[in-house]
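Structural overview for review
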Amino acid sequence: MKHIAAAVAALLIAFGITPARAQNAAPKEVLVGAIYPLTGNAAQIGADARMAIDVITEVINGQHAPMPLAMGGGGGLANLGGAKLRVVFADHQNDPQKARAEAERLITQDKVVALIGSYTSATAVTISQVAERYEIPYLSMDNSSPSLHRRGLKWFFRTSPHDEMFTQAMFDFFAETGKKTGRPVRSVALFYEDSIFGTDSSNVQKKLAEAAGIKVAADIKYRANSPSLSAEAQRLRAANADVLMPSGYTSDAILILRSMQEIGYKPRAIMAQAAGYQEQAFLTASGPLAEGIFSRSSFALDAEKSRPAIGTINAMFRAKAGKDLNDNTSRQIVGVQTLADAINRAGSTKPEDIRRALTATDIPGDQTIMPWKGVKFDEMGQNQNATPVIQQVVNGMYRTVYPADVAVMEPTWNVGR
Amino acid sequence: MTPEIIAQVLISGLLMGLIYALVAAGLSLIFGLMDVVNFAHGELLMLAMYATFVIFAATGLDPVLQLPIVALLLFGAGVAIYRGLIGRALGVQFNRGTVQIFVTFGLAIFIRGAAQFIWGGDFRSVSGAWLSNRSAEFAGVFIPLPQLAASAVCLLAFAGLLLVSRTEFGKALEATREDRDAVALIGIDRNHVFALGWGLGAGAVGIAGAMLITFYYVSPSVGANFAVIAYVTVALGGFGSMLGALVAGVIIGEVEAITALVLEPSLKQIGMFAVYLAVLMFRPRGLFGRL
């Protein structure tokens, strides 16, 4: 009797499992791991990223009228039987070692098919190393250090422009505006935080300044999250360059503007490498001090005419976050969109298939919310069609001033006055 | 490097140093009283800044006028922390030192997490207060009024703490510090004294926080920016010495400012830690320490 019972049980189990396995062939959901700062000094960036990613996954997975976006039809990943894209979050606390550990955990325990993230470039370095070792695609959405994609990595992709593309746009803008107004930029002061983002950014700025024959009047690397930046502000005042070019995160951005104001120094022009300077918290905290600041951006909220999806997506984000999309959150949206498009075209959750689909990505700009030419990766995994814009703060809001085809106003130019 | 620049940097260093001193005063007081290093000190500063921010946003009451309110709130928080946590941690039989470290460290993580839960991770600041973004100029040297006011308040707070030490309560504090078991024999309730000591320490950092928010941003992790400097200040001045905290704060403020002027600013903490290491090597009890 015992034997029969065991045999029946075995049969039942076998029958029980077989149909379930057949269902698994087309997965119900596809898991992607996002690594962001969810606690610590950059916690708000992570919280905003989560809301932005929620918005685009709702667009991809939900049932709704088609939107003018790649993957904007809704209903999940069509080539995977309508599987839903699900993003699981991990916290790197802006610490490269924690980022490495969380990347490993997501891959080995949560079995994600790809990684996305991570805002700070220092954490992108370690995440990309883990992705390379485990052979899982890593899509960097909002990291801008130029060195990231130049390490011969096979599994690294970046939708965002990097700081060389951004900085080139700044100097092109200087040249064009200088010619138009007859008041060219003769000197710049570099002011950058002491991690990979700031140093990479400043290296490019130095190179391009030299090429353009612009003098680097001050070259100041500062300690991030300092209690005081008074002495640093003093050195900037002493240099008194035509344009101050800061690269830093939100906290220091707020503090340096105040510190300069306290010692009665107002630079003639500020051209920021986005990051903290594009954050709403910075604009709110700085108020009138931020008026007239230029910043590079990969996003133009005011480009709705040529990018019709901006209105809907921004409204969805606004409902969650209570603020508009910015340079960071918009890049997270286009990043997830690109990855979903690749997984869908791959029609598979195998990492190698997804990687191959990513290399074949070709999304035209008007199928995104970005003012770019589009998304198309070169052999190093860098999106070569990401074309940045220059914006200026007017009445507490960033307005696009360059290049001419997406500009909504003329820049206010105080250099040489 | 013109004389104005040097004067400007020295003044910035002095003003910042007095604020470091005030932040460190509460830490020093608590350590001197009961040998407990409060790892949640930076988080108390953060709470004080948020308290001021919230009251300002709700009522428009200027941070300067809020000083007594925030000091009292933090005094209450200090007493509550002692009664609820530290007093119990002092009562354990084994590994008392480790338990105290874990209790205050855990408290720090809890407060930070709670702050992020309640107020979110964004950076906030008070704008439109009387002192906001105002400076006075003398012969090409600018003195930011928020920092000037904070320094004045710092000196007043130190005077207040010294006055307290002259009172009956101050003598009880001193006696409890000397021998916490013997004071019980003469009718001093040491738990009561310790709780008030925590209240005073937290109240001092409350005053620092209320002044700091007039020119600095607040976020859940802002405490860390000041806490490390506070520990160095206390160790440099001598654990438990109020005067030591004052002098050490000013030294650190000046050293930091001067280092940032002559070296690459990203290395500016080198000067401060070099002074600290030198003190550890040649005078381990700190400049004014009695331990």
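Residues numbered from 1 in each chain as written. Chains lettered and ligands numbered in written order. Predicted model: local features only at pLDDT ≥ 70, side-chain atom pairs only at ≥ 80, totals over all residues.

Considerations on the nonpolar core
Judged by nonpolar contacts, the single largest core of 226 residues is most densely connected at Leu 115 of chain A together with Ile 19, Leu 22, Ala 48 and Ala 208 of chain B. It is helix H1 (residues 3-34) of chain B that contributes the most residues to this core, 18 residues altogether. The residues touching Leu 22 of chain B, leaving out its near neighbours within four places in the chain, are Cys 154, Ala 157, Ala 204, Ile 207 and Ala 208 of chain B. (Core = buried A, V, L, I, M, F, W, Y, C linked by C-beta atoms within 7 Å. Buried ≥ 20, exposed ≤ 12 C-beta atoms within 10 Å, placed from the backbone. Helix = DSSP H or I, 4+ residues; strand = E, 2+ residues; numbered from the N terminus. Contact = placed C-beta atoms within 7 Å.)

Brief notes about the interface of chain B and chain A
Residue-level contacts link 34 residues of chain B with 32 residues of chain A. Only H1, strand S1 (135-138), strand S2 (141-144), helix H9 (222-237) and helix H10 (242-262) of chain B provide two or more residues apiece to the side of chain B that touches chain A. At five residues, the largest contribution of residues to the side of chain B that touches chain A is made by H1 of chain B. Each residue belonging to the side of chain B that touches chain A can be placed in one class, and the counts come to 15 nonpolar, 14 polar and five charged. (Nonpolar A, V, L, I, M, F, W, Y, C, P; charged D, E, K, R; others polar.)

What to know about unusual backbone geometry
Residue and element names in this part refer to chain A. Going from Gly 117 to Ser 118, the amide bond is cis rather than trans, its omega being 0°. Between Tyr 402 and Pro 403 the backbone carries a cis peptide bond, its omega angle lying at -5°. For Pro 403, the location among the structural elements is in the segment after strand S14 (397-402). The phi dihedral of Asn 225 falls on the positive side, at around 60°, and the residue is not glycine. On the secondary structure map, Asn 225 appears in the loop between strand S7 (215-222) and helix H7 (230-239).

Quick notes on the confidence of the model for chain B
The predicted model of chain B averages 90 in pLDDT, with 99% of residues at 70 or higher. For this predicted complex, the interface confidence score (ipTM) comes to 0.87, while the overall pTM stands at 0.84. (pLDDT = per-residue confidence, 0-100.)

Let's talk about the packing of helix H5 (residues 145-166) of chain B against helix H6 (residues 168-178) of chain B
Residue and element names in this part refer to chain B. Where H5 meets H6, the axes come as close as 4 Å, and the angle between the chain directions of the two elements is 80°. Relative to H6, the element H5 lies roughly perpendicular. Judged by residue contacts, Val 164, Ser 165 and Arg 166 of H5 engage Phe 169, Gly 170, Leu 173 and Glu 174 from H6. Classifying every residue of the contact of H5 with H6 gives three nonpolar, two polar and two charged. (Axes fitted to C-alpha atoms, helices over the stretch in contact; angles between N-to-C directions. Parallel < 35°, antiparallel > 145°, perpendicular 65-115°, else oblique.)

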